[in-house]
Amino acid sequence: MMKKQTNTLLSALAFAIASATVSVPSMLIATDVLAQEQKASEKKTRRVPTLRGKVYEQLARAQSAADDAGNVEEAIAILDEVEEKSDSMNSYEKAMMYNFFGFIYYNNEDYDNALSSFAKVVEQQPIPEKFEMTTLFSLAQLNLMQGNYDDTIKYIERWEALNQGPVPPKNKVIKAQAYYQNKKYDLAADWITQAIEDHEAEGMIPDEGWLILQRAVFYELKQPKKVKDVLVKMVKLFDEPKYWIQLAGMYGELGEERKQLAIMETAYQRGFVETASDIFNLAQLYYYHRAPYKGAKLMEQAMNDGMLEKNLRNLKFLGQSWSLAKEQDKAIPVMMQAAELSEDGELDAQLAQILLNEARFDDAIAAADRAVEKGDLRNPGLVYLIKGMALYNQKQYALALNQLAEAEKHQKSRAMAQQWKQFVQGEKVQAERIEAELGAS
């Protein structure tokens, strides 16, 4: 019943996954202190050539032009001069030069050139491992932001090959994002689940964006129970209105409609049910769970507050809810409004039935006539049957029999029309006999 809302509510999440969970590359600059620290830390694992002061001075001059003067063109020109002499530079100096290129391009939002420059950094060997790992991680993040998902995985796996300890959860999240965007949902599910479980094992609360990604992956894999489990966690951790509504929708998709109603009702009591579609969906739940009065009150209040439009769909459902709640005095005027908006005669036919039951025979006849005039009825014989019964109650037996004869022409109403026809004929004969006796006396 609520599947369309859930689909709707869950299909919009996929586009925002990358931006929701990707952080800006955190170490894209090279300073003298960083360079010396990296060099010192790598003495035991790699023999790395020295970054000569003369080269670093030129690199620092380029950075100063970019940072202090804000002159990107001058900074790039300085680095171009340095690059012209790159034949005399060692691998570490070249890597630092390309790192400065990348940093300046990145700050200027020239991401294609930034990516190209950072890729050249890790092509230079040998360089300090930490420097290489920092650049590899930044390359993975930047490629993810730029939609280069295969390159994202390539660089993050190169980082992992250099890493001595366990793979951090953030790496697994990046992999999951890349696999998700490449529509490799099974792999994405595995990596994002690992990341979340690792983080929780450390006593940490997973990032909201991680859970958004996990939910989206399970949805694509058509695993609604797992989607529901993720949403339960998100409701507990973040208590956002949208997650309550989405959780209710997933319970509906799983056929657990009592839980769906309980979640929606709780959300409503907390002020989370605010949109017209959510109000209508809650009213539907009340209707199907035999609480139409609550649904009708909800819709009536929303219409009075201007949150629900008084259109055909809403008025029709409100009228039906009042009718099921046996509040016919409230149902009838609403159904009349709805019928006026309807192009076919179906609502007028329903209204005629209600009016007949309320012994408002003139109004029932009028509604039946409107239904016949508009046409497009699912059961046209029923309208003639209703009109015949209303005329009978007004003791207009001949007219009633005419309408019942029309009803008899239609298969769905034939049996009942024949029964009523026989009954009305008997009543007509008896009434005529009584009238004749009174006239003779």
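Our subject is the structure that appears above.
Described in the following lines is the structure provided in the data block. Since the structure is predicted, the reported quantities are computational estimates derived from the model, not experimental observations. (Residues numbered from 1 in each chain as written. Predicted model: local features only at pLDDT ≥ 70, side-chain atom pairs only at ≥ 80, totals over all residues. Heavy atoms only, no water.)

### Regarding the environment of D112
Assignment of secondary structure puts D112 in helix 7 (residues 111-123). The class for D112 is exposed, based on a relative accessible area of 57%. In the structure, D112 is positioned 10 residues away from G102 in sequence and 9.5 Å away in space, judged by C-alpha atoms. (Helix = DSSP H or I, 4+ residues; strand = E, 2+ residues; numbered from the N terminus. Buried < 20%, exposed > 50% of the residue type's maximum accessible area, 1.4 Å probe, protein only.)

### Re helix 23 (residues 397-408)
Side chains that are three or four residues apart share a direction in an α-helix, a result of its 3.6 residues per turn. Between its first and last C-alpha, helix 23 extends 16 Å over 12 residues, near the 16 Å set by a 1.5 Å rise per residue. Every buried residue belonging to helix 23 is among Y397, A400, L401, Q403, L404 and A407, and all of these are buried. Summarising the axial view, the buried residues of helix 23 lie within an arc of 165°, below the 170-degree limit, and thus occupy one face. (Expected span 1.5 Å × (residues − 1). Arc of directions from axis to C-beta.)

### A look at the pattern of salt bridges
What the rule picks out here adds up to 20 salt bridges. K428 is the partner of E432 in a salt bridge, and the nearest nitrogen-oxygen pair spans 2.6 Å. Taken as a pair, E432 and K428 lie in helix 24 (residues 411-440) at a separation of four residues, close to a single helical turn. On the basis of relative accessible area, K428 is assigned to the partly exposed category, the value being 24%. (Salt bridge = Lys/Arg side-chain N within 4 Å of Asp/Glu carboxyl O.)

### A word on the packing of aromatic side chains
With the rule as written, the count across this model stands at 15 aromatic pairs. On the basis of an interplanar angle of 15° and a centroid distance of 6.1 Å, the ring pair of F101 and Y105 is categorised as stacked. You can see F101 and its partner Y105 sitting in helix 6 (residues 91-107), four residues apart, about one turn around the helix. The exposure classification of F101 matches that of Y105, with both residues buried. Over the aromatic face of F137 sits the side chain of K170, whose NZ or CZ is 5.0 Å from the ring centroid. When the ring centre of F280 is taken as reference, the NZ or CZ atom of R313 above it lies at 3.6 Å. (Phe/Tyr/Trp six-rings, centres within 6.5 Å; stacked < 30°, edge-to-face > 60°. Lys NZ or Arg CZ within 6 Å of the ring centre and 35° of its normal.)

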